[in-house]
Amino acid sequence: KRFFISITEEELSRGLLWVPSERQSGRSLTYHRTIGNPEAWRTHPLASAFLDLAPDGSLDAEAQSMLADLQVMIPPTIKRRDYGPLEWGPGVNPDLPAHRKYLIGLADDFATDLLESVDSAARKASIQPDRVVEEAKHHLRFAILRSRAFCATETTRDVTEAVEVYLASGANVSNGFVVHARSGAGKTYVISKILADHMAGGKARCIIVRFLGTSQASSSVHALLISLCEQLQRVYGRGQKLPEEFTDLKALFLKAVREWPSEEMPLTLLLDSVDQLDDINGGRRLEWLPVTDLSAHVRIVVSTLPDHAEFDCLTRLRKTLNVEDDEDCQEMLVELKELLDWRTVLNHILKVLGRQITQEQMGAVKHVVHGATTGWSATQRDLWSRQRSDGTASSCTTPLWLRLVAQMVSGWRSFDGVPFQLSSSVRGLIVDLFERLEVSHGTFVVRATLSYLTLSRGIGEGELNNLLSLDDDVLADVYEWWVPPLRTSPPLILSRLLMDVAPYLSRRGDGSGVELLSWYHRQFWEACEAHCFSSDTGRTLSRQKRCEELVNYYSGRWAGVAKPYSRWLSAIVQRPNFFPGETAGDRMVPSQPLVLQGSLKDGRGRCVINLRRVGALVPYAIKGRLEGPAVKELISVEYITAKFASGMGSLLLTEVVDSMNAFPDSGAVLQELHQFLGRHMTLLHHPTTPGLAAQLLVQEPDASNLLRKFRESEAAKPQEERWPVLEWAQRPQEFDSLLMTVREHDGGVN
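All values reported here derive from a predicted model rather than from experimental measurement. (Residues numbered from 1 in each chain as written. Predicted model: local features only at pLDDT ≥ 70, side-chain atom pairs only at ≥ 80, totals over all residues. Heavy atoms only, no water.)

**Details of the overall build of the protein**
Note the threshold: Only DSSP runs of H or I with at least four residues qualify as helices, and only runs of E with at least two residues qualify as strands; both kinds are numbered from the N terminus onward. Per-residue accessibility, obtained with a 1.4 Å probe over protein chains only, is compared with the maximum for each type, and a residue is labelled buried under 20%, exposed over 50%, and partly exposed between these values. By definition in these notes, contact holds between two residues if any of their heavy atoms fall within 4.5 Å. The Shrake-Rupley method, run with a 1.4 Å probe, gives the accessible areas here. Residue values count only the displayed protein chains as cover.
If you tally the helices and strands in the protein, you get 30 helices and 14 strands. Across the 750 residues of the protein, 46% fall into the buried class. Partitioning the intrachain contacts of the protein with sequence separation of at least 6 by distance along the chain shows that 70% fall at a separation of at least 24. Approximately 38,100 Å² of the protein is accessible, and the part contributed by carbon and sulfur atoms is 53%.

In structure tokens:
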């Protein structure tokens, strides 16, 4: 039947007939509508919109028979509403009272049924998610998927065997184990394999794994410690409330790791890529991580990149472990020292992908591998190994290079031969991928999408589509052959592109309910930075322009507003057969209020804050050197209140410092803001009233720029929207000498 069935009938069958009976009644609704006496009106010009007619104008008997058979097949358990027979209007004419009543009844019935169905499904799915379980499950799933794709080599066996010995060691070992390697060496896969093997050991123990940066709760040290402490509390039956102060939280974590594990329930903690943490609360200083003085019941395995301009995690770990060189330390280097088993690894990855390649295609890969290394001296090999960290040198047979090659050649068909030449470097492979995407999906769509993915470090698919809708070049390119009635980018355009780059993306939540997309490896960020924003490529895109588009989006500038068209888009839209004279269009993007539900005046926990705006707008403004939007947002009492209510107070202070460096012309007001936040940081973290930030501001001296800006902002609001503050008539007119409350420093201050 599948060779004769229509698309419409197939859709109906898949949704109604070809599903288990228990799913039919809850997910399907049928509406039986008839118009009486079709023989009397089948010759009317509108009849073909309501009836299947034969070429001679008579009723199509076969179609009528098939329709009758289909109606009989509808299970009796499906909710059904019958209407009619309705008198011919002609057609269904809302100007006729009977027809108007019929249409209103049909619309009301449909809305009622749909709401009941949605409400029923919501009640069934209203299980409150357990964030502790969800976080542990995310990292466990992440590890299992990579352990299944892992292929052991001589190098990785050295590492996994050394870690296995460490994990099985006795009381004579009290330090952690550090795995470090250059970018692309496969540290994450090694850690995943270590976890899988350790779980298969059979002995009862607490095993906790975190792949840092792959979830919101593992991207900052504060969130990470909360997540780890919550899981440790579950395992070891400790129910005390977690402290809010980072210093106290760090002390609890150290105590939990060193004191709670026992012989009956030992602890194994695996932390991959500690270099992925940010620097808030000293995340990459690693003072929070206990790698010494561990009990016999605790084993900790950590991985990191070598030292970088932005961080020195490896040096800090070595210093903490008090070692001079590798031989004296409980650490292991995932070395890239041999090129003998690249074919085994490549075939393994292809097998995991369910693909094979021809001998000719394998020969093309071999040519790249051998051509990149033939005739090298030991000195050249050593130099090559050191240069690989930036991805520009030949990277043949590194795990990342082989994985990228496997993804690319898995799309080669056997009769294609070798469609394109493979690059011998990771950077070259990634850039080649970008250029092929531009050919397949369109230059403007691809460049815009890559730019947003790279600048954002995490963005939702819906947000990406909205941003593409705001890009006139993208719309002009997409609308080349047809202009739809709405000025948006068709979602399928982005979905097809994301499907092609899916192997290179990671997905994570951020606490706002939005699933964020980001590159899964740092070399994609670096390659995309060079491809999209470097003038050397000849296809430079303005970083500032992209950041401005992001700022406009998260500030809601174009929500409900017709954005004017560029000259190119105007020419496309105004073609005679489409929309002549149209010069602007609503791009259908959402508004971005700071508070999605309730009011900031309701207090923490009683309003829903727009975490996407709170977390994204100012960083993009700083990155794009957009002084006006950044400073306006930072000095807003609403933004300050929302930031602390979202648990991002420390991040706000970092944003102010970054703004002071980026915008020297606004240095005076930003310096005041920095001192204001520094003085009141503890109070703002624990507000006694929702409007505490506003109340503290009106207690500043009259000469305060912050106070002046606040009063100007309040004066522009209706009375009912202003902050309820108590004016202090005799407040001091001198600035407080206290500049900063250092919450996490126990020693003296010079």
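Further notes follow.
**Here we look at unusual backbone geometry**
Of the consecutive residues Gly89 and Pro90, the connecting peptide bond is found in the cis state with omega at 5°. Position of Pro90 among the secondary structure elements: in the loop between strand S2 (79-86) and helix H5 (97-124). Even without glycine at this site, Asn37 takes up a positive phi of about 50°. One can find Asn37 in the loop between strand S1 (29-35) and helix H3 (38-41). Positive phi, normally seen in glycine, also occurs at Leu286, with a value near 65°. Tracing the chain through its elements places Leu286 in the loop between strand S5 (267-272) and strand S6 (298-304).

**Structural notes on the environment of Arg205**
The test is simple: N or O atoms closer than or at 3.5 Å make up a polar contact, with two conditions inside protein: a donor-capable atom paired with an acceptor-capable one, and, for residues adjacent in sequence, both atoms drawn from side chains.
Assignment of secondary structure puts Arg205 in the loop between helix H8 (187-199) and strand S4 (206-211). Residue Arg205 is classed as partly exposed on the basis of its relative accessible area of 21%. Separated by 63 residues in sequence, Arg205 and Thr268 have C-alpha atoms that sit 7.5 Å apart. For Arg205, the contacting residues outside a window of four places in its chain are His198, Met265, Pro266, Leu267 and Thr268. Here His198 takes part through its side chain, which lies 3.5 Å from a polar atom of the side chain of Arg205. A polar contact of 2.8 Å, which involves the side chain of Arg205, links it to the side chain of Thr268.

**Observations concerning the packing of helix H9 (residues 221-236) against helix H10 (residues 246-259)**
Selection criterion: Structural elements are reduced to axes, namely lines fitted to C-alpha atoms, with helices fitted over the stretch in contact, and the angle between N-to-C directions of any two is expressed from 0 to 180 degrees. Should an angle fall under 35 degrees it is taken as roughly parallel, and over 145 as roughly antiparallel, whereas 65 to 115 is taken as roughly perpendicular and any remaining angle as oblique. Working rule for handedness: look at the near helix, and if it is turned counterclockwise from the far one by less than a right angle, call the crossing left-handed; if clockwise, right-handed.
Viewed as axis vectors pointing N to C, H9 and H10 meet at an angle of 40°, and their least axial separation amounts to 10 Å. By the angle class used here, H9 and H10 are oblique. In terms of crossing hand, the pair formed by H9 and H10 is left-handed. Along the contact surface, H9 presents Val221, His222, Leu225, Ile226, Leu228, Cys229, Leu232 and Gln233, while H10 presents Phe246, Leu249, Lys250, Leu252, Phe253, Ala256 and Val257.

**Observations concerning the state of the cysteines**
Inclusion rule: We call a pair of cysteine sulfur atoms a disulfide whenever their separation is within 2.5 Å.
Taken as a whole and assessed by the stated rule, the structure comprises zero disulfides. Cysteine Cys532 is unpaired, with the sulfur of Cys528 as its nearest cysteine sulfur at 3.7 Å. Judged by relative accessible area, which is 1%, Cys532 ranks as buried.

**Description of the pairing of S6**
This is how the line gets drawn: The pairing criterion for strands is at least two bridges between them, as found by DSSP.
Within S6, seven of the seven residues are buried, which leaves it mostly tucked inside the rest of the structure. Where burial is concerned, the two faces of S6 agree: the one with Val298, Ile300, Val302 and Thr304 and the one with Arg299, Val301 and Ser303 are both buried. Relative to S6, strand S3 (residues 177-180) runs parallel, the two sharing four bridges. Opposite His180, over in S6, you have Thr304 as the bridge partner.

**Points about the pattern of salt bridges**
We apply this condition: Salt bridges, as used here, are contacts in which a Lys or Arg side-chain nitrogen is within 4 Å of a carboxyl oxygen on Asp or Glu.
Here the structure, examined in full by the defined rule, presents 30 salt bridges. Two residues, Glu526 and Arg522, come together in a salt bridge whose shortest N-O distance is 3.5 Å. Here Arg522 and Glu526 lie together in helix H21 (residues 522-533), a separation of four residues that amounts to about one turn. Salt-bridge contacts for Arg546 lead to Glu549; the nearest nitrogen and oxygen are separated by 3.1 Å. One end of the pair is Arg546 and the other is Glu549, both in helix H22 (residues 543-555) and three residues apart, which spans about a single turn. Both residues of the pair, Arg546 and Glu549, belong to the buried class.

**Focus on the confidence of the model for the protein**
Do not read the predicted coordinates in detail wherever pLDDT is low. Worth spelling out the cut-off: pLDDT measures how confident the predictor is about each residue, on a scale from 0 to 100.
Summing up the model confidence of the protein, the mean pLDDT is 85 and the portion of residues at 70 or higher is 89%. Counting contacts from residues 373-377, a segment whose pLDDT is below 50, to residues more than four positions away or on other chains yields six contacts. Below a pLDDT of 50 lies the segment residues 383-393, which in the model reaches 31 contacts outside its immediate sequence neighbourhood of four places, other chains included.

**Thoughts on helix H27 (residues 649-662)**
Our working definition: For a helix, the expected span equals 1.5 Å multiplied by the number of residues minus one.
For H27, built from 14 residues, the straight-helix expectation of 20 Å at 1.5 Å per residue is met to within 8% by its first-to-last C-alpha distance of 20 Å. Every buried residue of H27 is listed here: Gly649, Leu652, Leu653, Glu655, Val656, Ser659 and Ala662. Packed against the buried residues of H27 are helix H24 (611-623), helix H25 (627-634), helix H26 (637-645) and helix H28 (667-685).

**Observations concerning a nonpolar patch on the surface**
The cut-off we apply is this: The patches reported here contain residues having more than 30% relative accessible area and no salt bridge. Joining distances are 9 Å for like charges and 5 Å for nonpolar side chains (Val, Leu, Ile, Met, Phe, Trp, Tyr).
On the surface, Phe110, Leu114 and Val118 cluster together into a nonpolar patch covering about 270 Å² of accessible area. With respect to the helices, strands and loops of the structure, Leu114 is situated in helix H5. The exposure class assigned to Leu114 is partly exposed, which follows from its relative accessible area of 41%.

**What about the packing of aromatic side chains?**
For any two aromatic rings, the description comes down to two numbers: the centre-to-centre distance and the angle of the planes. The cut-off we apply is this: When two rings of Phe, Tyr or Trp (its six-membered ring) have centres within 6.5 Å they constitute a pair, described as stacked for plane angles under 30 degrees, edge-to-face for angles over 60, and tilted for the intermediate range.
Summed over the entire model, instances satisfying the criterion amount to 15 aromatic pairs. Taking 5.0 Å as the distance between ring centres and 70° as the angle between the ring planes, the aromatic pair formed by Tyr553 and Tyr554 counts as edge-to-face. Across this residue pair, the class does not change: Tyr553 and Tyr554 are buried. An aromatic cluster is present here, built from Phe434, Tyr504, Trp519, Tyr520 and Phe524 joined pairwise through their rings.

**Thoughts on the packing of helix H17 (residues 443-456) against H21**
Selection rule: Amino acids are sorted into nonpolar (Ala, Val, Leu, Ile, Met, Phe, Trp, Tyr, Cys and Pro), charged (Asp, Glu, Lys and Arg) and polar (every other residue, Gly among them).
Contact geometry of H17 with H21 gives a least axis separation of 10 Å together with a crossing angle of 130°. Considering their axes alone, H17 and H21 lie oblique with respect to each other. Judged by the twist between their axes, the crossing of H17 over H21 is left-handed. Counted together, Arg447, Leu450, Ser451, Leu453, Thr454 and Leu455 of H17 and Trp525, Cys528, Glu529, His531, Cys532 and Phe533 of H21 form the full contact between these two elements. Grouping the constituent residues of the contact of H17 with H21 by class yields seven nonpolar, three polar and two charged.

**As for the nonpolar core**
Definition in use: As used here, the term nonpolar core means buried Ala, Val, Leu, Ile, Met, Phe, Trp, Tyr and Cys residues forming a set that is joined through side-chain atoms within 4.5 Å.
One finds Leu346, Val365, Trp401, Trp519 and Leu677 to be the most contacted residues of the largest nonpolar core, which totals 106 residues. Considering each element in turn, this core owes the most residues, eight residues, to helix H15 (residues 399-409). In this structure, Leu346 is in contact with Met362, Val365, Leu402, Val405 and Ala406, ignoring residues within four places of it in sequence. Listed in part, the 58 residues of the second largest apolar core include Val178, Tyr189, Val301 and Leu305.

**What about the side chain of Asp272?**
Note the cut-off: For the purpose of counting charges, residues Lys and Arg are taken to be positive, whereas Asp and Glu are taken to be negative. His and the chain ends are not included.
The topology assignment puts Asp272 in strand S5. Among buried charged residues, Asp272 stands out as having no salt bridge; its nearest opposite-charge side chain is Lys187, 6.2 Å away. In this structure the side chain of Asp272 is engaged in a polar contact, spanning 3.2 Å, whose partner is the side chain of Ser273. Beyond its immediate chain neighbours, meaning those up to four positions away, Asp272 contacts Lys187, Thr188, Ile191, Arg210, Phe211, Leu212 and Ser303.

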